[in-house]
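The lines below spell out each chain.
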Amino acid sequence: MATRVVIAGCGFGGIEAAYNLKRMLKDSVDITAIDKNDTFTYLPSLPDLVEGSVRERDITIQYAKLFRRIKSAFVKAEIKSVDLKGKTVVTDKGDIKYDYLIVSLGSESAYYGIKGAKQNSFEFKSLADAKELRDHVTEMFRSQKGETPNAIDDSALRITVIGGGLTGVELVTKMKDLADRLCWENDIPWGKCELVLVDHGKILHPTFSEEVGEFVDRYFQKQGIRLMLGRAVTEVQRGRVLLDDGTAIDAGTIVWCAGIKPSGVVEQAGEACLNPKYGLILNSYLQLVTDESVFSIGDCSYCKIFEAFPILTALRAGEQAEYVTENLLYEITGRHDKKVIYDPRRFPTLISLCKGMGILEFGGFWMKGRLAWWMKRYTQRIYIARFKYNVGFLEYVDEFFVSVIESWYFMRMRRR
Ligand SMILES: Cc1cc2nc3c(=O)[nH]c(=O)nc-3n(C[C@H](O)[C@H](O)[C@H](O)COP(=O)(O)OP(=O)(O)OC[C@H]3O[C@@H](n4cnc5c(N)ncnc54)[C@H](O)[C@@H]3O)c2cc1C
């Protein structure tokens, strides 16, 4: 009988693991993938969806099609808990047994107990969140159409993003593009709307080098985006953000991008294998420290191999999926001595700002401009095409693209 592998959560980590497993083990493995949604969403492009430069169908893939292609079962269900002793995943559609389990349930927004934060701000973690936010902002601008400049309600057109990490930085710039368009469409003078980014840290995204951070500061000033750094949010009321220095920001749109915590499902794991802040505690083979039949990937897990807690990204989840599938292969085939110790790579930071402006930073090198912006867009296209159509040609183009960038990077390094 084929080994039963259940994949709990089909985001970046889950689908990569399923594809790799099927490629390596073919029919000797029986995969059942579970997710609460019907479609995979390419989360890094959610800010573009809000801005309106990509369509929903450009960044989503139907799970049913995706798993049919690799001859695996997909169950749309909400996972409630995992019974480790009974090797069973408990869902709202019934129990699912496994021999091996891959937990890739991702993360949720963290509100750190800040009063009103959850109730009075938009979350930005899913396709539904992005669509709701876009519709709300569009409605806020439409509601001011036809008003004389003096009668326009400035605070209704103020958009405040809380959290200056990668997501907050990208989102506020995309909202700037959206606001530009909505002002034009609704005959609203640009000066009547305002974009604000608040963060309790003194700098924006902590992995930016000082130079990149300074560039982003200047860029925000040029774009008219107000940066409020070094100020913590103490409370979020309906239409109002309160800061620890006594400032109150009235805003028709408040978005929460200030942090994440592991999926609520993993919170039920016992003390021995859970770090409440970071998620399931894994050994160096990415197995649960208390149960070697359970592997975990991505935002809901924490491998002790990291000296400091890493920035959680789709690239990291994909990388961990490769290790998990390889180690699972050795587990299933009984070649335990072959298992590979997880060795995290350094990844580049690639972000896209307002139209035509992107930043790529890697190993002391950084560049800004249209090419970086295009690379971010291209990465999304290749990723979706790879899982949607399984086309060889595009993968070759992908390889070609990566090698051109690499050679260009190394040539540049050599010239220094
Ligand atoms: C707006 C935004 C922008 C981002 N931008 C970037 C970027 O530019 N670059 C980058 O590298 N990373 C980016 N990230 C981070 C990246 O998306 C995550 O690090 C990555 O998705 C983590 O992968 P994962 O497999 O751990 O979790 P996810 O991809 O989140 O997958 C978790 C899956 O589990 C499912 N699930 C959760 N709970 C349940 C349940 N109870 N029952 C059933 N199914 C469940 C979810 O539906 C989801 O499909 C961004 C994230 C967001 C939200």
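Provided above is the structure to which this section pertains.
Residues numbered from 1 in each chain as written. Predicted model: local features only at pLDDT ≥ 70, side-chain atom pairs only at ≥ 80, totals over all residues.

Enquirer: Explain the overall build of the chain here, please?
Expert: Per the secondary structure count, the chain includes 10 helices and 27 strands. A compact globule built from 416 residues would reach a C-alpha radius of gyration of about 22 Å, and the chain, at 22 Å, matches this within 12%. Principal axes of the C-alpha set define a box for the chain whose edges measure 75 × 55 × 40 Å. Among the 416 residues that make up the chain, the fraction classed as buried is 38%. Put simply, 64% of the contacts in the chain that link residues at least 6 apart link residues at least 24 apart. (Helix = DSSP H or I, 4+ residues; strand = E, 2+ residues; numbered from the N terminus. Rg over C-alpha atoms; globule rule 2.2 N^0.38 Å. Buried ≥ 20, exposed ≤ 12 C-beta atoms within 10 Å, placed from the backbone. Contact = placed C-beta atoms within 7 Å.)

Enquirer: Hey, could you run me through the site of the ligand in this one?
Expert: Taken together, 33 residues lie near the ligand, and Gly 9, Gly 11, Gly 106, Gly 298 and Thr 313 sit nearest. Going through the elements one at a time, helix H1 (12-25), strand E2 (29-35), helix H6 (166-185) and helix H8 (314-332) are the ones with two or more residues in the shell around the ligand. Taken together, the residues of the shell around the ligand break down into 17 nonpolar, 11 polar and 5 charged. Of the domains in this structure, domain 1 (3-108 + 261-338) and domain 2 (117-258) are the two that each give at least three residues to the shell around the ligand. (Near = placed C-beta within 6 Å. Nonpolar A, V, L, I, M, F, W, Y, C, P; charged D, E, K, R; others polar. Domains from an automatic or database assignment.)

Enquirer: When you look at the environment of Arg 134 in this model, what are you seeing that I'm missing?
Expert: The topology assignment puts Arg 134 in helix H5 (residues 127-142). Taking the number of C-beta atoms within 10 Å as the measure of exposure, Arg 134 has 18 and is therefore partly exposed. Separated by 141 residues in the primary sequence, Arg 134 and Asn 275 place their C-alpha atoms 35 Å from one another. Excluding residues that lie within four positions of it along the chain, Arg 134 makes contacts with Leu 49 and Val 50.

Enquirer: Just to check I follow, could you spell out the sheet that holds strand E11 (residues 122-123) for this structure?
Expert: Sheets are built from strands paired through backbone hydrogen bonds, the pairs being either parallel or antiparallel. Spatial strand order, E11-E18-E12-E13-E14: 5 strands in an open sheet with parallel pairing. Every other strand in the sheet has two partners, leaving E11 and strand E14 (225-229) as the edge strands with one partner each. Examined bridge by bridge, strand E12 (residues 158-162) and strand E18 (residues 253-256) share 4 bridges and lie parallel to one another. Along E18, the bridge assignment pairs Ile 162 with Trp 256. (Pairing = 2+ DSSP bridges.)

Enquirer: So what exactly am I meant to see when it comes to the sheet that holds strand E17 (residues 248-250) here?
Expert: In spatial order, the strands read E15-E16-E17; together these 3 strands make up an open sheet with antiparallel pairing. With partners counted over all chains shown, the strands left at the sheet margins are strand E15 (233-237) and E17, one partner each. Taken over all neighbouring pairs, the strand axes of this sheet differ in orientation by 15° on average, direction set aside. Bridge count for strand E16 (residues 240-243) against E17 is 3 bridges, and the pairing is antiparallel. Opposite Val 241, over in E17, you have Ile 249 as the bridge partner. (Axes fitted to C-alpha atoms, helices over the stretch in contact; angles between N-to-C directions.)

Enquirer: So what exactly am I meant to see when it comes to H5 here?
Expert: When the terminal C-alpha atoms of H5 are compared, their 23 Å separation across 16 residues agrees well with the 22 Å that a helix rising 1.5 Å per residue should span. The set of residues buried in H5 consists of Ala 130, Leu 133, Val 137, Met 140 and Phe 141. Each buried residue of H5 lies within a common arc of 95° when the element is viewed along its axis, so the set occupies one face. Turned more than 90 degrees away from the buried face of H5 sit Ala 128 and Asp 135, all of them exposed. If you follow the buried residues of H5, they end up packed against helix H2 (46-51), E11, E12, H6 and E18. (Expected span 1.5 Å × (residues − 1). Arc of directions from axis to C-beta.)

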